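A closer look at the structure
Residue strings, one per chain:
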Amino acid sequence: MKKIDVKICVGTTCYVMGAFQLQHLEDFLDKKSLENVNISGAPCLGCCQDKNYENAPFVEIDGDIIANATIVKIIKEIEERLK
């Protein structure tokens, strides 16, 4: 199984809007999920200026952007992709 790539934007806006909490994502994933996910920080995903997206913080999961990202939203998306 290919691992799911999760990039958490840690640019200034995203960080202030909650990405600092998202950096602890691995603490909330079960062992099975964690084995199938690569989690990394990104200096900026460039979504803040794009009017097609909602608000920060932003997370990219396998190329798809999650706006207003929360731990719950990210885990739900990872679980869907692992099915």
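Above: the structure in question.
First things first, this report covers the structure right here in the doc. (Residues numbered from 1 in each chain as written. Predicted model: local features only at pLDDT ≥ 70, side-chain atom pairs only at ≥ 80, totals over all residues. Heavy atoms only, no water.)

Overview of the pattern of salt bridges
- If you walk through the whole model with that rule in mind, you get 6 salt bridges.
- Between Arg81 and Asp64 there is a salt bridge, with the nearest N and O atoms lying 2.6 Å from each other. Placement of the pair is Arg81 in helix H3 (residues 71–82) and Asp64 in strand E4 (residues 64–66), with a sequence separation of 17 residues.
- For Asp64, a relative accessible area of 39% gives the class partly exposed.
- Linking Glu80 and Lys83 is a salt bridge whose minimum nitrogen-to-oxygen distance equals 3.4 Å.
- Taken together, the shared-partner salt bridges in this structure form one network comprising Lys2, Asp62, Asp64, Glu77 and Arg81. (Salt bridge = Lys/Arg side-chain N within 4 Å of Asp/Glu carboxyl O. Helix = DSSP H or I, 4+ residues; strand = E, 2+ residues; numbered from the N terminus. Buried < 20%, exposed > 50% of the residue type's maximum accessible area, 1.4 Å probe, protein only.)

Topic: helix H1 (residues 12–22)
- Restricting attention to buried positions, one finds in H1 the residues Cys14, Gly18, Ala19 and Leu22. The buried residues of H1 all sit within an arc of 115° when viewed along its axis, so they share a single face. What points out from H1, more than 90 degrees from its buried face, is the exposed set Thr12 and Val16.
- Packed against the buried residues of H1 are strand E1 (4–9), strand E3 (59–61) and H3. (Arc of directions from axis to C-beta. Contact = heavy atoms within 4.5 Å.)

What to know about the packing of aromatic side chains
- Tallied over the entire structure, the rule returns 1 aromatic pair.
- The interplanar angle of 55° and the centroid separation of 5.7 Å between the aromatic rings of Tyr15 and Phe20 together place this pair among those described as tilted.
- A relative accessible area of 34% means that Phe20 is categorised as partly exposed. (Phe/Tyr/Trp six-rings, centres within 6.5 Å; stacked < 30°, edge-to-face > 60°.)

So, the side chain of Asn36
- Mapped onto the elements, Asn36 comes out in the loop between helix H2 (31–35) and strand E2 (37–42).
- Given the relative accessible area of 16%, Asn36 is considered buried.
- Looking at Asn36, its side chain comes within polar contact range of the main-chain oxygen of Lys32, at 2.9 Å. (Polar contact = N/O pair within 3.5 Å; in protein donor to acceptor, adjacent residues only side chain to side chain.)

A look at H3
- Along its 12 residues, H3 runs 16 Å from first to last C-alpha, staying within 8% of the 16 Å computed at 1.5 Å per residue.
- Every buried residue belonging to H3 is among Ile71, Ile74, Ile75, Ile78 and Leu82, and all of these are buried. Down the axis of H3, the smallest arc covering the buried residues is 95°, so these residues share one side. Opposite its buried face, H3 presents the exposed residues Val72 and Lys76, each directed more than 90 degrees away.
- Residues of H3 that are buried in the fold lie against E1, H1, H2, E2 and E3. (Expected span 1.5 Å × (residues − 1).)

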